[in-house]
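Architecture at a glance
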Amino acid sequence: VAAEAAWKPWRIAGFAARDTGIGAATGGLAGVMVARVAGTPRGERVKHAGEFLFDFVLAGSATLEVEGHGRESLVAGDAVTIPAGRAYAFSGCSADFELLDVSLPANV
């Protein structure tokens with residue numbers, strides 16, 4: 001399903017995402033998106049109000065900054081959770097940077 005999904009603007013400017021269909025299959029309980037660089041990410045700081053946000057780096061590299069936690073360099077194979085209500089931003093993204101984004105509930 002994910003391979004056939006269209007890429008659409010994501011919740012963070014400079015990225016596009018495609019929906020894997022998990023959100024619909026779980027009635028919005030959980031969401032799984034694949035997000036990638038699409039243009040020039042500006043390092044925009046965003047927050048989420050969900051119960052859980054987990055990102056797994058599928059490809060490329062970037063720097064993640066989370067309010068109160070500092071900066072971390074991320075490469076393929078790294079995984080992070082983002083606490084609800086904390087501002088976070090991705091910067092210095094490689095052109096091939098791609099994430100698996102898992103959220104509870106879907107689309108936080």
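Quick look at the structure, then. (Residues numbered from 1 in each chain as written. Predicted model: local features only at pLDDT ≥ 70, side-chain atom pairs only at ≥ 80, totals over all residues. Heavy atoms only, no water.)

**Some points on the side chain of serine 94**
On the secondary structure map, serine 94 appears in the loop between strand E8 (88-91) and strand E9 (98-104). Once residues within four sequence positions are removed from consideration, serine 94 is found in contact with Val37, Gly60 and Ser61. (Helix = DSSP H or I, 4+ residues; strand = E, 2+ residues; numbered from the N terminus. Contact = heavy atoms within 4.5 Å.)

**Description of the environment of phenylalanine 56**
Residue placement: phenylalanine 56 occurs in strand E4 (residues 52-59). The exposure class of phenylalanine 56 is partly exposed, given its relative accessible area of 28%. Counting along the chain gives 31 residues from phenylalanine 56 to alanine 25, while the straight-line C-alpha distance between them is 21 Å. With near-sequence residues (within four places) excluded, phenylalanine 56 lies in contact with Gly77, Asp78, Ala79, Glu98, Leu99 and Leu100. (Buried < 20%, exposed > 50% of the residue type's maximum accessible area, 1.4 Å probe, protein only.)

**A few points about the pairing of strand E6 (residues 70-75)**
In this sheet, E6 lies alongside strand E5 (residues 61-66) in antiparallel orientation, the contact comprising six bridges. Counterpart to serine 61 in the pairing with E6 is valine 75. Hairpin geometry of E5 and E6 is characterised by an intervening segment of three residues between the two adjacent antiparallel strands and by a positive phi of about 85° at glycine 68. (Pairing = 2+ DSSP bridges.)

Taken by themselves, the reported measurements are silent on function.
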